[in-house]
Amino acid sequence: MRALLGILFVLLGAYFLMLVFVPESGPASPAMSFVSSSQCKECHEQAYAEWEGSQHSISWTNPRVKALSNDFANQDCIACHAPRPVFETGIGERVLPRSTRRIEGVDCLACHQLPDGGMAGTISDPRAACRPVASMLTMNLARPDFCAACHNQHKTVDQWRESEWPERDQDCMSCHMPYRNGDPNQGRDHTFLGGNSLDLLQAAVELRGSHTDGGWVVEVENVGAGHAFPTDERSRRADVFWRPHSETGEALEWQHLWRIRDPYRTETDIPSTLLHAHETKVLPIEAAASESVIDVALFYRREPYWADPERPDPENESTLVHSITLQK
Amino acid sequence: MSRQTSLLALLGLSIAGFAGACGDALERPSTAPPARLQAPAFPLSSVVAPAIERLQGALDSESSAPPETANPDRILGLLELLGGPNGRMRAMAREEAAHLGQRCSEQLLALIDDRELEQARRATALELLALVGGDEAAELLLARLESSSEPWLRTHSAWRLGELKRDWVIPRMLLRFKYEKEFETVIWMAKSLASLGNYEGLSALQAVADGTTDPALLASAHERMLEIARQAGHEDASGLWTAWTSGQGELPLPEGVGPARSLRYQLEVWSWIQRFVEYQLRGVDDARFVLQRMGPEAARIMGEALADSNAYIRVGVAQSLQRMGPRAKPAGPMLVAGLADPRLGPWAAEALGAIGAQAFPAGQAALLSCLAEGVDPEIRLSAIRGLGGFGAQPDPASIAALRRILNSASGPGEPTGEAEEFRQAAAESLLALGEERGVLQPLLDWMISERVSPVSSQRALRAWLQTQAEAPEVAALLAGWDALEPPAQKVITPSQRRQAKAAQRELLQAALPGLLAENQAEPHRD
């Protein structure tokens, strides 16, 4: 009886898998040679539109990137900003740079194209023009190791591995490619939100402050980023500022308290101050000891430099993530 | 069959195979999908790892038992004499140290690293270590150059490394140009590298001269440049630099180095090539930085590495050869053979362009054959770009082929942007070949285009202005153009960047009628 039930379950399982993965019958489309993301648009309009508005699509043309890479004179940057397909070199391996269509940045083909010209997709359909293969997506494309091809160049995936997030079943896609409207039937969002999303930034860290006998103390805690805050090397940084209030209650000029950033490889004299996952940084504000009211704010920016290092203007040059007013 | 004969036979077959591959491509109908991931035109195998193993084995078999440790009192005595005021005694101490033949590195190192001691005493210990010589001394000095936080110690280590005449230190010394911030240290690194037959430090000395406001450093940089040039048999630094970078004949190795590069030097080169397989680009970039600054003897080794089965090695080596320029000509035949490899091909094409016609004329015909429709677009585009490097001896066939591409419109069904990208590259190469007719206006338009990457057109136009800058009006134009360029490392907004580029374009557009009337008469096709 148990054996019969087992066979029944296997047959039901196979039937279910066929429903999901085997396409409906119909004329097969001729296999196409895909050389540009624009070819994907016809069938995948929504994903294409999301990608078009994403950081991936402007990874080559983004003025910030161009400035920091000296217009890609630094060849290191080309591989990840205009990559050949990840599947070509293998999961977890470094990608190789592309020579053509660099303007398309991290394009559809970079993640989906298989070495035989087919695509990793949500269904398997040998009749479709792009010959999607579902197993390649579920077994490879959705894994953090896939993102590591580029995003571990700055140790982001390693930071995630060392955190508690893998145990909590939270990976790259949980935050950066959530289901559209939270509905698995609608597929994954291809906007790839990250440091460009204020919601994600605010969910990543908490800013707290208190006054003790020793004076003002501020705490910044990485509560929600699946990796260090900020992740990346050199380019991204967060700064904690504080400012006193005048006797009339007017907020005075911001004063820099602490920078959270990983230095670039040539900045050998600067220590890394990244706030790792679940870590709390405690910052006493000694200069504010006599103040009875202060504002504290956390600003985020994707360039490491201030326009005028002598007089940083965080409100105009950065994104305000959190701000608190503390009173004795 | 000797190793060289085998390599030549392999190259012959490879080039024949490449020609065959391109021949196929020429006959292929243009509507066929481009072939991706074909096999390269030479057999791939593990090349780098076995070479490292072979050289390591040879070095291990050469090594002998370590000498006995020197009497500490004898070392202290030598130090006293070497650091003393009597010149004759110092000379005697130098003579004795050079023939000591005993180990004293631990004792000397303890003195060198002791921050409680006077700097002069530590410097004398460093001098003695260099006088005793050997690979161990070179290793210890290199370690101080690489990681000491004391600038004077790095400077003295750089200086003494030149006296040791160990050529295998060259790659690691070259890497210091990337990280060293102390001008004085840079000056002595350049001097020592020159004494080992590597003249890359001349550009670092020029950078010091351009970047310092200290008259003593400025004078020292100029003095070293002249000294290096004279020792290499040239009247001035620019003459030596031309000889070093032009690829026209190899410079003889200085006295005390050679006659050929040592086994350990070769091992170092192969080991740096091996770093291209690293995942982290930090190591990869270090390897490229070092290898591109090596001499032609390293280019020969790098050429062999192009047949390695690891794609990261092939690509990293080709990128380094590209940056090396004409000096990389010994790798030319392997680069030609590598053009049919879809992963190596694009970078091989650009490397051949950077080596250029004078150093390796055969590269031009090879690139031209890659312009045929049906060739992998990655290789084809890079070949178009590569042909721009043959400005010294442009081939009429290349110019005609580039013009055909420039004037070809997108065909129906052709993926958006690709044809325009090819035409843009063709225009840039034509301008680099001195073909201004019908080229300047489209490049000016592409400079502000959002359909293609505008920076390459901007660079091509600036490079062209520079070639014309002997004329006073063009020199003024170039100065105006540069003045509009946002300062390096200055954070600017996207709109500021666009404005700067548009202003440069306007400046050149307004000057065009006066510069080249015929360009206005021939509008380009879109």
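Residues numbered from 1 in each chain as written. Chains lettered and ligands numbered in written order. Predicted model: local features only at pLDDT ≥ 70, side-chain atom pairs only at ≥ 80, totals over all residues. Heavy atoms only, no water.

**With respect to the interface of chain A and chain B**
With 44 residues of chain A at the contact, the number on the chain B side is 50 residues. Buried surface at the junction of chain A and chain B, summed over both partners, amounts to about 4,100 Å²; 48% is from carbon and sulfur atoms. The three residues of chain A that bury the most area against chain B are A:Q75, A:R94 and A:R265, which together make up 17% of that side's buried surface. At the boundary of chain A with chain B, the tally comes to 3 salt bridges. Here A:D76 ties to B:R288 by a salt bridge, and the two come within 2.2 Å at their closest N and O atoms. Put simply, chain A and chain B have 19 residue pairs in polar contact (both at pLDDT 80 or more) between them. (Contact = heavy atoms within 4.5 Å. Buried area = accessible area lost by both parts, 1.4 Å probe. Salt bridge = Lys/Arg side-chain N within 4 Å of Asp/Glu carboxyl O. Polar contact = N/O pair within 3.5 Å; in protein donor to acceptor, adjacent residues only side chain to side chain.)

**Here's the deal with helix α25 (residues 455–467) of chain B**
Its 13 residues give α25(B) an end-to-end C-alpha distance of 18 Å, which sits within 8% of 18 Å, the value for a rise of 1.5 Å per residue. If you check which residues of α25(B) are buried, you get B:V455, B:S457, B:Q458, B:A460, B:L461, B:W464 and B:L465. (Helix = DSSP H or I, 4+ residues; strand = E, 2+ residues; numbered from the N terminus. Expected span 1.5 Å × (residues − 1). Buried < 20%, exposed > 50% of the residue type's maximum accessible area, 1.4 Å probe, protein only.)

**Some points on the pattern of salt bridges**
The full count for this structure, using the stated rule, is 54 salt bridges over all chains. The partner of A:E267 in a salt bridge is A:R261, with the nearest N and O atoms 2.9 Å apart. Since its relative accessible area comes to 7%, A:R261 is described here as buried. Here B:R462 makes a salt bridge to B:D482, at a shortest N to O gap of 2.8 Å. Taken together, the residues span a long stretch of sequence, with B:R462 in helix α25 and B:D482 in helix α26 (residues 472–484) at a distance of 20 residues. What makes B:R462 partly exposed here is its relative accessible area of 25%. By relative accessible area, which is 33% here, B:D482 ends up partly exposed. Residues joined in a network through salt bridges with shared partners are B:D135, B:E139, B:E146, B:R166, B:R172 and B:R264.

**Some thoughts on the environment of A:I260**
Residues and elements named next belong to chain A. Within the secondary structure, I260 sits in strand β6 (residues 255–260). Each C-alpha atom of the pair I260 and P230 lies 7.3 Å from the other, and the pair is 30 residues apart in sequence. Discounting chain neighbours no more than four positions away, the residues touching I260 are V220, F229, P230, R236, R237, A238, T273, L274, L275 and L298.

**Comments concerning the confidence of the model for chain A**
Residues and elements named next belong to chain A. A residue-level look at chain A finds 91% of positions with pLDDT of 70 or above and a mean pLDDT of 88. Of all secondary-structure elements in chain A, the lowest mean pLDDT belongs to helix α1 (residues 2–21), at 57, while strand β7 (residues 280–285) reaches the highest, 97. Across residues 19–24, where pLDDT falls below 50, the model places 10 contacts with residues more than four positions away in sequence or in other chains. (pLDDT = per-residue confidence, 0-100.)

**What about the nonpolar core?**
Residues B:W270, B:I273, B:M294, B:L321 and B:L335 are the most contacted members of the largest nonpolar core, which totals 157 residues. Formed by 24 residues, the second largest nonpolar core is a distinct cluster that contains A:A204, A:V218, A:V220 and A:I285. (Core = buried A, V, L, I, M, F, W, Y, C linked by side-chain atoms within 4.5 Å.)

**Focus: empty space enclosed by the protein**
With the rule as written, the count across this model stands at 4 cavities of 30 Å³ or more. Space inside the largest cavity adds up to approximately 100 Å³. Lining the largest cavity are 14 residues, with A:R94, A:P97, B:R288, B:V315 and B:Q319 sitting closest to its centre. Looking at the lining of the largest cavity, the elements that each hand over two or more residues are α15 (281–291) and α17 (311–324) of chain B. Per-element accounting of the lining of the largest cavity gives the leading share, 4 residues, to α17(B). For the lining of the largest cavity, a count of residues per class yields 8 nonpolar, 3 polar and 3 charged. (1 Å grid on protein atoms, 1.4 Å probe; cavity = no way out; pocket = protein on both sides within 12 Å on 5 of 7 lines; lining within 4 Å. Points joined across faces, edges and corners; volume = space filled by probe spheres on them. Nonpolar A, V, L, I, M, F, W, Y, C, P; charged D, E, K, R; others polar.)

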